[in-house]
Number of protein chains: 2
Amino acid sequence: MTSGSFPKPEHDHQRCVARLVRHAEQLCIKAGVRLTVQRLAILKIIGSSHKATGAYDVLEVMAKQGQRAAPVTVYRALDFLISVGLVHRISSLNAFIACHHSHGSNPVQLLICKACGGVGELELPAVTRALKEAAGKAGFSVDEPVVEVTGVCAHCCAA
Amino acid sequence: MTSGSFPKPEHDHQRCVARLVRHAEQLCIKAGVRLTVQRLAILKIIGSSHKATGAYDVLEVMAKQGQRAAPVTVYRALDFLISVGLVHRISSLNAFIACHHSHGSNPVQLLICKACGGVGELELPAVTRALKEAAGKAGFSVDEPVVEVTGVCAHCCAA
DNA sequence: TTTGTAATGTTATACTATTGCATTTGTTAT
DNA sequence: ATAACAAATGCAATAGTATAACATTACAAA
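Since this is a predicted model, take the numbers as computed values, not measurements.

Student: What exactly am I supposed to notice about the protein's contact with DNA strand C here?
Tutor: Looking at DNA strand C, there are 14 residues lining it, with Tyr56(A), Tyr75(A), Arg89(A), Thr36(B) and Arg76(B) nearest. Taking the atoms of DNA strand C that fall within 4 Å of the protein, sugar and phosphate contribute 52% of them. The separation between a phosphate oxygen of DNA strand C and a polar side-chain atom of Gln38(B) is 2.9 Å. Interatomic distance of 2.7 Å between a side-chain N/O atom of Arg76(B) and a base nitrogen of DNA strand C. Elements represented by at least two residues in the surface near DNA strand C include exactly helix H4 (71–83) of chain A together with helix H2 (37–47) and helix H4 (71–83) of chain B. A per-class count over the surface near DNA strand C returns five nonpolar, four polar and five charged.

Student: Looking at this structure, I do not really get the interface of chain A and chain B. What am I missing?
Tutor: Interface size is often expressed as the accessible area that is lost when the parts come together. Each partner contributes to the interface: chain A provides 34 residues, whereas chain B provides 34 residues. With both chains or domains summed, chain A and chain B bury close to 2600 Å², and 69% of this area falls on carbon and sulfur atoms. Where chain A meets chain B, there are two salt bridges. With its nearest N and O atoms 3.1 Å apart, the salt bridge here joins Lys114(A) to Asp143(B). Run the count over chain A and chain B and you get 12 residue pairs in polar contact (both at pLDDT 80 or more). Secondary-structure elements contributing two or more residues to the side of chain A that touches chain B are strand E4 (109–113), helix H5 (125–137), strand E6 (141–152) and helix H6 (154–158) of chain A. For the side of chain A that touches chain B, the element with the most residues is E6(A), which contributes 12 residues. In terms of residue class, the side of chain A that touches chain B is built from 22 nonpolar, eight polar and four charged.

Student: Can you help me understand the packing of helix H3 (residues 55–64) of chain B against H4(B) in this one?
Tutor: When two helices pack together, their arrangement is captured by the angle between the axes and the distance separating the axes. All names here are of chain B. One way to put it is that H3 packs onto H4 with a least axis distance of 9 Å and a crossing angle of 115 degrees. Here H3 and H4 pass one another in a crossing that is right-handed. Of the residues in H4, those touching H3 at Ala55, Tyr56, Val58, Leu59 and Met62 are Pro71, Val74, Tyr75 and Leu78.

Student: Mind showing me how you'd approach the state of the cysteines here?
Tutor: Two cysteines form a disulfide when their sulfur atoms are joined by a covalent bond. Applying the stated rule across the entire model yields zero disulfides over all chains. For the unlinked cysteine Cys16(A), the closest cysteine sulfur is that of Cys99(A), found at 11 Å. We classify Cys16(A) as buried; its relative accessible area is 2%. Cys157(B) takes part in no disulfide bond, and the closest cysteine sulfur, belonging to Cys153(B), lies 7.1 Å away. Of the residues examined, Cys157(B) reaches a relative accessible area of 42% and is grouped as partly exposed.

Student: Please explain the relation of the copies chain A and chain B as it appears in this structure.
Tutor: The relation between the two chain copies is a rotation about an axis coupled with a shift along that axis. Note on the identical chains: chain A maps onto chain B by a rotation of 180 degrees and an axial translation of 0.0 Å, with an RMSD of 0.1 Å. Seen this way, the second copy is the image of the first under a two-fold rotation axis. Among all residues of chain A, the one whose C-alpha sits closest to the rotation axis is Val147(A), at a distance of 2.3 Å. When the interface residues of chain A are mapped onto chain B, 100% of them again lie at the interface, so the same face is used by both copies.

Cut-off values and rules
- Residues numbered from 1 in each chain as written.
- Chains lettered and ligands numbered in written order.
- Predicted model: local features only at pLDDT ≥ 70, side-chain atom pairs only at ≥ 80, totals over all residues.
- Heavy atoms only, no water.
- Near = heavy atom within 4 Å.
- Polar contact = N/O pair within 3.5 Å; in protein donor to acceptor, adjacent residues only side chain to side chain.
- Helix = DSSP H or I, 4+ residues; strand = E, 2+ residues; numbered from the N terminus.
- Nonpolar A, V, L, I, M, F, W, Y, C, P; charged D, E, K, R; others polar.
- Contact = heavy atoms within 4.5 Å.
- Buried area = accessible area lost by both parts, 1.4 Å probe.
- Salt bridge = Lys/Arg side-chain N within 4 Å of Asp/Glu carboxyl O.
- Axes fitted to C-alpha atoms, helices over the stretch in contact; angles between N-to-C directions.
- Left-handed = near helix turned anticlockwise from the far one by under 90°.
- Disulfide = S-S within 2.5 Å.
- Buried < 20%, exposed > 50% of the residue type's maximum accessible area, 1.4 Å probe, protein only.
- Least-squares fit on C-alpha atoms with pLDDT ≥ 70 in both.

Below is the structure:
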């Protein structure tokens, strides 16, 4: 995708998580990495809402599910999920969001609704290109651009 | 400025901080807000390096200067300095950098060197515009874009 | 000088993330 | 199969970042 998407409130999470899981399984097989039960469980928790989820939120949910775990467990799983592109880190919120798309290695831009907490994704190569070019003029070699846009989503604008 | 800048290692901090202080004084007078000694002291500390500075780094420096303070003091000053545009928050590092420029209310893009820790600024209206436009197509009304680019600066590239 | 607001002080605590080391699990080669 | 190795997990402690709640002081305008 080159345009944008923002989750609708009436979204069918059930189906959406199922799709995410299939995506994850295929991706990990192809990459030759292990999607363990724990990692999958944590991915499901993060993917079951389209809002930014903190590491300790994940822990809480796990506790309710009877899977008690230490923080480091969640952080390790998150590191893994981020490394394979199944989760994005949201620096400005110290939180995480599941990635429902395949971006390859293209950087992503996040839209964060201040009102409902929902998070959407954009994939704008033009933005990435413009950043690389401008940075390059200053002799700066770009590694990874973090682009997080706060604002108000369509649904909350209307309300 | 519309192009970019990245601090040179051989930079003259002394002069640079003096300029920052003048800038801050004028800006606060114009805005009708109080640049107290404490706020100024903290601005100087942050502005005396062109690397990302953590809140607790500031505290350490203050302690060495004999000005003991509680974390909340620093965070309050930082909130103020950010609100008037004298400091930028670097979300991806949980750190801060003094702003030596006048951006008006234009969003800024930060360049963060992984090697030396130096931080530079860009002001690229085109990037901001592209983000607003793409977000707008998804019905998203942009408030504040956070753009932080990690990479390697010219000086460190050469080395 | 009173009066109200902004700024600061003080203490405690909440929230986020990592380190170090022991143990288990899964994979590969023999 | 099983030995041997690497990856993943468990566990406990602790480091690092940020805010809450409430008391006090400093400042500016009436």
